[in-house]
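Each chain, letter by letter, is given below.
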Amino acid sequence: MKYAGIVLRNTKNALSSVEYEAVHDALLSGGVFLDELTFLAYDVPSEISAALSRFSLECDGVFLVCDGVLLDFARSAVCAVTGGSFVNEYILETKRCLYAVLPHGREGADIVKKDLLARINRRRNDSYSRMVYRCVSAPAERLDNALALARKAAQDMLFIHAAEKFGDVRIEVIYNQKTPKMIADEVVRILASELEGYIYALEDVSLAERLVTALKLHNLHVATAESFTGGGVGRAIVQVPGASAVFYEGVNAYDTKAKKERLGVSDFTLKNKGAVSEEAAREMASGLIKQGNCELAIATTGNAGPTASGKAPVGTCFIAIGTKERVRVFRFRLSGDRETVTETAVNLALFLAYKEIK
């Protein structure tokens, strides 16, 4: 079976972008791999017709992804080439080929999962299963080596897809009933052993979901004291349904005065070590624990840029994880723009907190 994708761009609006990745990932999750992906401008209809005509002859499925304002145009283009009509708002089927015109982003991904994959499986008389690994902060070299070893062991009999966002990596292993169990088991063994210590879930759940589950299991409450992450850690936690059972409070102590008055960071630390320091992070977490309202404290302080601050180069951050028994502080030097540094630090904080109590 062969499949192709067309990403249709609205060139009249230079600021718009087509978020096709979510749709692509949804297709991958069902074992549908695009043999060819092409990007075309909607205002060059001859190129669109040529691509559709070629894919109609070569492929078993053709999937167009575009902004919502172009859906009608895309459907018309497909109908003109095939002479057919859509069975619903998004799908047209002929004896030779299956076509789908999908809105970009999460909406299109949901259509793929709820309708399109089932139609594809009926046509190819096959079904696919998947395993998902979630891991954080694995060194790039180690992650690349693990994926290389796993793909070699797969012998082209299953598919391994990895996606990373702010240090949080999602690895998907896709296989069907024809995949020998011995090969699938070996791929699982390789990923589990090579990424040991970095894996936080063997299912498709987020870091925050994993942490909230662990907190509930151990009957613990968590509080956060954040500086440069600006409440990102607390926000991630409270977005999980049921987080109110374990989340006590989030303190955004951005100013040094707030760190001192709200969390008890000492004058000595602020004057001699600075607000971005191991000592400041430790005292921020300790301040939450001393108040007696939580059993787990998460504190973050750092410099996300764009300029260096005192002794802290851009990307420097300290994350403290505190319990009634101890406070551990971790230092990182992160790279990237301001958003990348802060969001990566949020994921690291959630992961370190989870490891502390799992």
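Below or above, wherever it landed, is the structure these notes cover. (Residues numbered from 1 in each chain as written. Predicted model: local features only at pLDDT ≥ 70, side-chain atom pairs only at ≥ 80, totals over all residues. Heavy atoms only, no water.)

Quick look at the overall build of the chain now. Of regular secondary structure, the chain possesses 12 helices and 14 strands. C-alpha extents for the chain along the principal axes are approximately 75 × 50 × 35 Å. Looking at the chain as a whole, 50% of its 358 residues qualify as buried. Contacts in the chain between residues far apart in sequence, at least 24 positions, make up 69% of those at least 6 positions apart. Accessible surface computed for the chain: about 17300 Å², of which carbon and sulfur atoms make up 49%. Here the chain carries 44 positive and 44 negative side-chain charges, and the mean point of each set is 3 Å from the other. (Helix = DSSP H or I, 4+ residues; strand = E, 2+ residues; numbered from the N terminus. Buried < 20%, exposed > 50% of the residue type's maximum accessible area, 1.4 Å probe, protein only. Contact = heavy atoms within 4.5 Å. Areas by Shrake-Rupley, 256 points an atom, 1.4 Å probe, with all protein chains shown as cover. Lys, Arg positive; Asp, Glu negative; His and termini not counted. Charge placed at Lys NZ, Arg CZ, Asp CG, Glu CD.)

Turning to the environment of Leu263, a few remarks are in order. On the secondary structure map, Leu263 appears in helix H9 (residues 256-263). The exposure class of Leu263 is buried, given its relative accessible area of 4%. Distance in space between the C-alpha atoms of Leu263 and Ala4 is 56 Å, their sequence separation being 259 residues. If we ignore the near neighbours within four places in the chain, the residues touching Leu263 are Ala225, Val251, Ala253, Ala258, Glu283, Met284, Gly287 and Leu288.

Scanning the model with the defined rule gives 21 salt bridges in all. As a salt-bridge pair, Lys181 and Asp185 come within 2.7 Å of each other at their nearest N and O atoms. Here the residue Lys181 and the residue Asp185 both occupy positions in helix H6 (residues 181-194), the gap between them amounting to 4 residues, near one helical turn. A relative accessible area of 40% means that Asp185 is categorised as partly exposed. (Salt bridge = Lys/Arg side-chain N within 4 Å of Asp/Glu carboxyl O.)

In this section: the pairing of strand E3 (residues 61-66). Of all the 6 residues making up E3, 6 are buried; the element is thus mostly covered by neighbouring parts of the structure. Both strand E1 (residues 3-9) and E3 contribute to a ladder of 6 bridges, which runs parallel. Its bridge partner being in E3, Ala4 is matched across the sheet by Val62. (Pairing = 2+ DSSP bridges.)

The subject of this paragraph is the sheet that holds strand E5 (residues 98-103). Taking strand neighbours across the sheet as the criterion, the 5 strands line up as E2-E1-E3-E5-E4 in an open arrangement whose pairing is mixed. Among the strands making up the open sheet, the edge pair consists of strand E2 (36-41) and strand E4 (91-93). When the angles between neighbouring strand axes are averaged without regard to direction, this sheet yields 15°. Where helix H2 (residues 45-58) meets the sheet, its contacts fall on E1, E2, E3 and E5, and the angle it forms with E2 comes to roughly 160°. (Axes fitted to C-alpha atoms, helices over the stretch in contact; angles between N-to-C directions.)

Most of E5 sits inside the fold, with 6 of its 6 residues counted as buried. Bridge count between E3 and E5: 6 bridges; the pairing is parallel. Within the sheet, the bridge partner assigned to Phe63 lies in E5 and is Ala100. Note that E4 and E5 share 3 bridges and pair antiparallel. Its bridge partner being in E5, Ile91 is matched across the sheet by Ala100.

For the rest of this paragraph, the subject is the nonpolar core. Counting 38 residues, the largest nonpolar core has Leu211, Leu215, Ile237, Leu296, Ile298 and Leu350 as the members making the most contacts within it. Broken down by secondary-structure element, the contributors of at least two residues to this core are strand E9 (199-201), helix H7 (207-218), helix H8 (232-238), strand E12 (296-302), strand E13 (316-322) and helix H12 (338-357). A total of 11 residues in this core trace back to one element, the largest contributor, which is H12. Setting aside residues up to four positions removed in sequence, Leu296 forms contacts with Leu211, Leu215, His221, Val222, Ala223, Ile289, Ile321, Gly322, Thr323, Ala353, Glu356 and Ile357. (Core = buried A, V, L, I, M, F, W, Y, C linked by side-chain atoms within 4.5 Å.)

For the rest of this paragraph, the subject is unusual backbone geometry. Across the junction of Gly305 and Pro306, the peptide omega takes the value 15°, indicating a cis bond. Along the chain, Pro306 turns up in the loop between E12 and E13. Phi angles above zero are rare outside glycine, and Asp156 is one such case at about 60°. The topology assignment puts Asp156 in the loop between helix H5 (140-154) and strand E7 (159-165). Judged by its relative accessible area of 80%, Asp156 is exposed.

Take the packing of H5 against H6 next. At a closest axis distance of 9 Å, the pairing of H5 and H6 adopts a crossing angle of 170°. One finds that H5 runs roughly antiparallel with respect to H6. In this structure, H5 contributes Arg142, Asn145, Ala146, Leu147, Leu149, Ala150, Ala153 and Ala154 to the contact, and H6 contributes Ile183, Glu186, Val187, Ile190, Leu191, Ser193 and Glu194. (Parallel < 35°, antiparallel > 145°, perpendicular 65-115°, else oblique.)

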